[in-house]
Amino acid sequence: MRKILLNSILIVTLVLLTASLTIADGITIGQSAPEFKLKNVNEEMVSLSDYNDKKGVIVIFTCNHCPFSKKYESRIKMLNDKMQSKGFPVVAINPNDVSQVPEDSFTEMQKRAYEQSYTFPYLYDESQDIAKAYGAARTPHVFILVNNESKFTVEYIGAIDNNVEDSEAVTAKYVEDAIEAIIIGEKPKKNETKAIGCTIKWKK
Amino acid sequence: MTLAQEAEVLKWNGFEPYLNYQNDTTYVINFWATWCKPCVKELPALDSLNATFASNPVRVILVSMDFKSQLNSHLNPFIIEKDIQSNVLLLDEIDYDKWINKVDSTWKGAIPATLIYNYQKRFRKFYVKEFTFAEIEKIINNIIKQ
């Protein structure tokens, strides 16, 4: 009896430990995507459930100030233009702590979205809870969510492509390739990639 | 006081040995870029380790993520302006996914990031954070005292 009790304590401890590790590291491929409800630059709230009628969503954690985000800005716009019609619109989210980067404030986000004529929502994750729930670490950081009867699962985590400096020199368009695979009912061949980026400026 | 150096440009094959020297030196391998504000902020703390631990085998290597095309316009002028004493390398490998996991499998690519290791003391740890001098000095002191 005592042994069974010890075993159950051990199992519970292991389960709790695993759970806490998962939370700390965010979601992994195949897991359900955390819901969000965040303020867009047009002052309206945008939720993941607003996309229940889409095939999926390309969530991109990005920001104003990061040079790598700037490098990818026009590619993010093109991605939305191209993939929106295929059922995968872009949703950009800025998770940075404004006290560390004034350039990433909500007002500056509004300016940026207006000046650059963003055709997609640019949301402000002021509490940073959504970035944490997804396990975003850097900007830009992409999560492709696939809609299955209004339940979204994560099918790709990583970079947009494999050359931040020069879009002409890209030899692997990770996000586009992943979506093309998903559209024909396959799993992306490459569902996780890593790239250098700016650390998300977490609140201290 | 030695003169500040120019950065050495390396491909992955030239850089990889820096991650696995098997000797008694404590290596501080810092991934940074001139455009990264928190990296630039912590740089003086890392660079001053050379002087603080002058009588101990401690080596600081600053691995820049600046583009090779920015070597002479950004990186080398920065090294001179800040009078950097540590070795500066420019890792010319834009296809990041090919090598990030080889540095550390838990690294998602955010910088600043720092690998500290000492083969003989069996210490190896990867940090994705902005160090203060006190924090990193404590880590190195603990390795040396082991």
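Attention here is on the structure that accompanies the text. Worth saying up front: this structure is predicted, and the values here are computed from it rather than measured.

### Notes on empty space enclosed by the protein
All names here are of chain A.
- Inspection of the entire model under this criterion finds three cavities of 30 Å³ or more.
- Its boundaries defined by the atoms lining it, the largest cavity holds a volume of some 100 Å³.
- For the largest cavity, the full set of lining residues is Thr 62, Cys 63, Asn 64, Ser 69, Lys 70, Glu 73, Ile 76, Ala 92, Arg 112, Tyr 118, Phe 120 and Tyr 122.
- Examining the composition of the lining of the largest cavity, we find that four residues originate from one element, helix H2 (residues 67-84), more than from any other.
- The residue makeup of the lining of the largest cavity, split by class, is six nonpolar, three polar and three charged.
- In terms of lining residues, the second largest cavity is bounded by 14 residues, among which Tyr 72, Pro 140, Ala 159, Ala 195 and Ile 196 are the most central.
- For the lining of the second largest cavity, the class distribution of residues is 10 nonpolar, two polar and two charged.

### A closer look at the interface of chain B and chain A
- On the chain A side, the residues contacting the 24 residues of chain B number 26 residues.
- Here chain B packs against chain A, burying approximately 1,900 Å² in sum over the two surfaces, 57% of which is carbon and sulfur.
- In terms of surface lost to chain A, no three residues of chain B exceed Trp35(B), Asp97(B) and Lys108(B), which account for 37% of the buried area on that side.
- Taken together, the connections running from chain B to chain A amount to two salt bridges.
- Of the charged contacts, one joins Lys190(A) and Asp97(B) as a salt bridge, the two residues approaching to 3.0 Å between their closest N and O atoms.
- Of all elements in the fold, only helix H2 (37-47), helix H5 (100-103) and strand S5 (110-111) of chain B reach the threshold of two or more residues within the side of chain B that touches chain A.
- The dominant element in the side of chain B that touches chain A, judged by the number of residues it contributes, is H2(B), at three residues.
- For the side of chain B that touches chain A, the residue count by class is 12 nonpolar, five polar and seven charged.
- Across two bridges, the pairing between strand S9 (residues 197-199) of chain A and S5(B) is parallel.

Conventions we followed
Residues numbered from 1 in each chain as written. Chains lettered and ligands numbered in written order. Predicted model: local features only at pLDDT ≥ 70, side-chain atom pairs only at ≥ 80, totals over all residues. Heavy atoms only, no water. 1 Å grid on protein atoms, 1.4 Å probe; cavity = no way out; pocket = protein on both sides within 12 Å on 5 of 7 lines; lining within 4 Å. Points joined across faces, edges and corners; volume = space filled by probe spheres on them. Helix = DSSP H or I, 4+ residues; strand = E, 2+ residues; numbered from the N terminus. Nonpolar A, V, L, I, M, F, W, Y, C, P; charged D, E, K, R; others polar. Contact = heavy atoms within 4.5 Å. Buried area = accessible area lost by both parts, 1.4 Å probe. Salt bridge = Lys/Arg side-chain N within 4 Å of Asp/Glu carboxyl O. Pairing = 2+ DSSP bridges.

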